[in-house]
Amino acid sequence: MPELPEVETTRRGIEPHVDQQRVIDFVVRDARLRWPIPKEIHGLIVNQQVASVSRRGKYLLLRFALGDLMIHLGMSGSLRVLPIGTPAGKHDHVDLVFANDKLIRFTDPRRFGSVLWQPIGVEHKLLAKLGPEPLTDRFDADYLYNASRKRTLAIKQFIMTSEVVVGVGNIYANESLFRAGIDPRRPAGKVSKPRYERLVHEIKAVLDYAITRGGTTLRDFLSSDGKPGYFAQELSVYGRGSEPCTVCKKPLKEIRMGQRTTVFCTGCQK
DNA sequence: AGTCGCGCCTGGCGGC
DNA sequence: TGCCGCCAGGCGCGAC
């Protein structure tokens, strides 16, 4: 499941191949994604040049003269750079074909991803309410502490809310709360300022590290399966329910919070 | 307004 | 072997 580090790794992976390149075709084999792919996209990007490749939260944004092509990878989506003419498989739903004989192929078995359009000057509804980027200075303890006052929902669900901060999915929410020593069930409004200082630091650290590691797999990402690694062997709690805590050796506890698997240590997280 | 839970979709897995 | 049922999850949305 692509989280922010995987999306940023993907952005860095495709950027050198498509930046300033001209689109010669936009092929939609299956428009049924999370939302239907708008039909007008073809006419808006063919024969237009990519002006930049950026990211907002987990959305990749390819800027054209008339607007931004928005790509969300959902949980099983990926992009690959391939030579023109590469045969498409069952789940290869969209190709963005370029004049430099390369294509960007969007593959998504579960079709939770999306390909949308944001006209210049009109913020897309799905981007309008997004919170700050976690790796910028705007995301700090003061911000998170103030935003959490009087909030009763659990801290884990709070940091996974995209209006609060973008890009913190289930894996990194579990990991950062473990590293910060905070019980994921604690109401967001009852977490102290010093503990938010620690949490903000750990969220940034864990995302930063994952992006750094993602960068090292760029070669694989471009050639083979298109999936940046998750470095599962380096995760402290996610996927390790009932295994001993790496710090105190108590068995890790696994519960469901808001339909999401949550793993934490009752000894280390208070 | 804030919180909660549903459902989209399909590959992979365990059980029989 | 083959079939069935269940699970994973990002995230918008409807309901309270």
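Caption draft 1: Fine view of the nonpolar core. Core analysis: the largest hydrophobic core is formed by 27 residues, its most contacted members being F26, L69 and L96. In this structure L69 touches I41, L60, L61, L62, F64, L96, V115, L116 and W117, once residues within four positions along its chain are discounted. Listed in part, the 25 residues of the second largest apolar core include V164, L199, L207 and A210.

Caption draft 2: Here's a closer look at the protein's contact with DNA strand B. As a matter of local geometry, DNA strand B sits amid R34, K90, H91, P109, R110, R111, F112, R151, T152, L153 and Q259. A share of 59% is what sugar and phosphate atoms reach among the atoms of DNA strand B within 4 Å of the protein. At 3.4 Å, a side-chain N or O of K90 approaches a phosphate oxygen of DNA strand B. One nitrogen or oxygen atom from the main chain of L153 is found 3.2 Å from a phosphate oxygen belonging to DNA strand B. Class assignment for the residues of the surface near DNA strand B results in three nonpolar, three polar and five charged.

Caption draft 3: Structural detail: the protein's contact with DNA strand C. Around DNA strand C, the structure places 17 residues, and the nearest of them are H72, M75, Y238, R256 and R260. Per the 4 Å cut-off to the protein, sugar and phosphate atoms form 59% of the nearby atoms of DNA strand C. Here a sugar or linking oxygen of DNA strand C and a side-chain polar atom of R34 are 3.0 Å apart. Contact between DNA strand C and T261: a phosphate oxygen at 3.0 Å from a side-chain N or O atom of the residue. Among the secondary structure elements, those contributing two or more residues to the surface near DNA strand C are α3 (125–128) and β10 (260–264). The class makeup of the residues in the surface near DNA strand C is seven nonpolar, four polar and six charged.

Caption draft 4: Just the sheet that holds strand β1 (residues 23–28), in detail. An order of β1-β6-β7-β5 is seen for the four strands of this open sheet, with the pairing classed as antiparallel. Whereas interior strands pair on both sides, the edge strands pair on one side only; in this sheet they are β1 and β5 (78–83). Neighbour-to-neighbour, the strand axes of this sheet turn through a mean angle of 20°, independent of strand direction. Where strand β6 (residues 92–98) lies against strand β7 (residues 102–107), five bridges are found, and the strand directions are antiparallel. What sits directly across from V97, in β7, is L103. Contacting β5, β6 and β7, helix α1 (residues 4–18) crosses the sheet at an angle of about 30° to β5.

Caption draft 5: Summary view of the layout of surface pockets. Here the largest pocket defines a volume of roughly 1200 Å³. Lining the largest pocket are 34 residues, and of these K58, H72, G74, M160 and R260 sit closest to its centre. Looking at the lining of the largest pocket, its residues break down into 15 nonpolar, 11 polar and eight charged. For the lining of the largest pocket, the two domains that each supply at least three residues are domain 1 (4–128) and domain 2 (141–264).

So, how was this worked out
Residues numbered from 1 in each chain as written. Chains lettered and ligands numbered in written order. Predicted model: local features only at pLDDT ≥ 70, side-chain atom pairs only at ≥ 80, totals over all residues. Heavy atoms only, no water. Core = buried A, V, L, I, M, F, W, Y, C linked by side-chain atoms within 4.5 Å. Buried < 20%, exposed > 50% of the residue type's maximum accessible area, 1.4 Å probe, protein only. Contact = heavy atoms within 4.5 Å. Near = heavy atom within 4 Å. Polar contact = N/O pair within 3.5 Å; in protein donor to acceptor, adjacent residues only side chain to side chain. Nonpolar A, V, L, I, M, F, W, Y, C, P; charged D, E, K, R; others polar. Helix = DSSP H or I, 4+ residues; strand = E, 2+ residues; numbered from the N terminus. Pairing = 2+ DSSP bridges. Axes fitted to C-alpha atoms, helices over the stretch in contact; angles between N-to-C directions. 1 Å grid on protein atoms, 1.4 Å probe; cavity = no way out; pocket = protein on both sides within 12 Å on 5 of 7 lines; lining within 4 Å. Points joined across faces, edges and corners; volume = space filled by probe spheres on them. Domains from an automatic or database assignment.

From the geometry alone we can't say anything about function, so treat these as descriptive.
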